[in-house]
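# An overview of the molecular structure
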Amino acid sequence: MSDRFDCKNCNESLYGRKYILAEDNPHCIPCYDRLYANTCQECKEIIGHNAKELFYENRHYHEHCFRCFRCDRSLADEPFTSQDDALVCSDCYRNEFSSKCVACDKTVMPGSRMLEYDGSTWHEDCFACHACEKPIGTEAFIPDKNNYYCVPCYEGRFAPQCSHCKKALTKGGVTYKDEVWHKECFLCTGCKTPLAGQPFTSQGESPYCVKCFSNLYAKKCAGCNTAITGFGDGKYVSFQERQWHQPCFKCSRCSVSLVGSGFFPDRDLILCTDCNNED
């Protein structure tokens, strides 16, 4: 009596029948398909042992089910992509999902080099300077209204020039007396210290830092002998070619403030009414 040769699952004899080994055990065709065959993602039916099976991103398909969900063309031998888990041929994806270049009005193909700015898309070679028409590519550019310029063209056409170095200003500078400077070019006439962001004043048309202006031009307070400038508590009192900071304008004897009060000069002194009456 011969040895038995049965299906591992249903135990039916496999003599004279087709079978498939699975996990080193023989299975009849119906059992193999039921236990091991994959289910088609599209039609939800079993992909039989003798059917051609296609696989994409952990999903299985019959060959005839592997089709574009838009135009229904077979994707078995065609380039494709996916959109929300649906398969799409390259033509349909390009027509429905790809951006169009605002310069040439042609489709920007998936995977191609492109530029996006302010909601618009360009082929890399189509993103060109409005002035010289050379492709800007990935270089720096400056938008102006609805046009885009490479930096050299923008500086040559539109950017204001620094009053000191005569070069273009492309970003924040300093405006003084209707003229513009680079921040690093706006300097004190005396000590050449940068004045951007610092208090400064002028003598004629020339800007000065507080220290230089005080040393060169400011009047000296007759009370404290320091400069009277327009910074801080800049109010002062002037009398007979002498000047005082308001806090320094006080009686030479009792030190009461004389601001807004009557006072009496006594040679180099200034006296309040009470101190003057004592004399």
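For the protein chain, an unreviewed UniProt entry supplies the name Four and a half LIM domains protein 3-like and the organism Pundamilia nyererei. Recorded in UniProt under Subcellular location (unreviewed entry), the annotation for the protein chain is "Nucleus".

A separate point is the overall build of the protein chain. Along the backbone of the protein chain there are 5 helices and 20 strands. Computed over C-alpha atoms, the radius of gyration of the protein chain comes to 45 Å, more than 25% over the 19 Å expected from 2.2 N^0.38 for 279 residues, which places it beyond the range of a compact globule. If you line up the protein chain on its principal axes, its C-alpha atoms span 150 × 50 × 30 Å. A fraction of 11% describes how many contacts in the protein chain between residues 6 or more apart in sequence connect residues 24 or more apart.

For the protein chain, the domain assignment lists domain 1 (19-95), domain 2 (98-157), domain 3 (170-215) and domain 4 (225-277). Of note, the centres of domain 3 and domain 4, computed from C-alpha atoms alone, are 32 Å apart.

With respect to the element layout, lysine 183 can be found in the loop between β12 (179-181) and β13 (200-203). For lysine 183, a relative accessible area of 45% puts it in the partly exposed group. Sequence separation of lysine 183 and glycine 197 is 14 residues, and the distance between their C-alpha atoms is 8.8 Å. In this structure, lysine 183 is in contact with Gly172, Gly173, Val174 and Ala196, ignoring residues within four places of it in sequence.

In the structure shown here, the tally under the stated rule is 24 aromatic pairs. Relative to phenylalanine 186, the ring of tyrosine 176 lies with its centre 5.7 Å away and its plane at 55°, an arrangement referred to as tilted. Residue tyrosine 176 is located in strand β11 (residues 174-176), and its partner phenylalanine 186 is located in the loop between β12 and β13; the two are separated by 10 residues in the primary sequence. Grouping residues by exposure puts tyrosine 176 and phenylalanine 186 together as buried. Between phenylalanine 249 and phenylalanine 263 the ring centres are 5.1 Å apart and the planes differ by 85°, which places this aromatic pair in the edge-to-face class. Placement of the pair is phenylalanine 249 in the loop between β18 (242-245) and β19 (264-266) and phenylalanine 263 in the loop between β18 and β19, with a sequence separation of 14 residues.

For the rest of this paragraph, the subject is the pattern of salt bridges. Per the stated rule, a full pass over the model turns up 9 salt bridges. The partner of glutamate 63 in a salt bridge is lysine 52, and the shortest N-O contact between them spans 3.6 Å. With a gap of 11 residues between them, glutamate 63 in the loop between β4 (59-62) and β5 (80-83) and lysine 52 in the loop between α1 (29-36) and β3 (53-56) connect regions that are remote in the sequence. You can call glutamate 63 partly exposed: its relative accessible area is 31%. Among the charged side chains, a salt-bridge network with shared partners connects Arg73, Glu78 and Asp91.

Another point: the side chain of histidine 60. Inspection of the secondary structure puts histidine 60 in strand β4. Side-chain polar atoms of histidine 60 contact the side chain of glutamate 53, separated by 2.5 Å. Not counting residues within four places of it along the chain, the set of residues in contact with histidine 60 comprises Asn38, Thr39, Cys40, Gln41, Ile47, Glu53, Leu54 and Phe55.

Definitions and cut-offs
- Residues numbered from 1 in each chain as written.
- Predicted model: local features only at pLDDT ≥ 70, side-chain atom pairs only at ≥ 80, totals over all residues.
- Heavy atoms only, no water.
- UniProt positions renumbered as here; feature names shortened; annotations may be inferred.
- Helix = DSSP H or I, 4+ residues; strand = E, 2+ residues; numbered from the N terminus.
- Rg over C-alpha atoms; globule rule 2.2 N^0.38 Å.
- Contact = heavy atoms within 4.5 Å.
- Domains from an automatic or database assignment.
- Buried < 20%, exposed > 50% of the residue type's maximum accessible area, 1.4 Å probe, protein only.
- Phe/Tyr/Trp six-rings, centres within 6.5 Å; stacked < 30°, edge-to-face > 60°.
- Salt bridge = Lys/Arg side-chain N within 4 Å of Asp/Glu carboxyl O.
- Polar contact = N/O pair within 3.5 Å; in protein donor to acceptor, adjacent residues only side chain to side chain.

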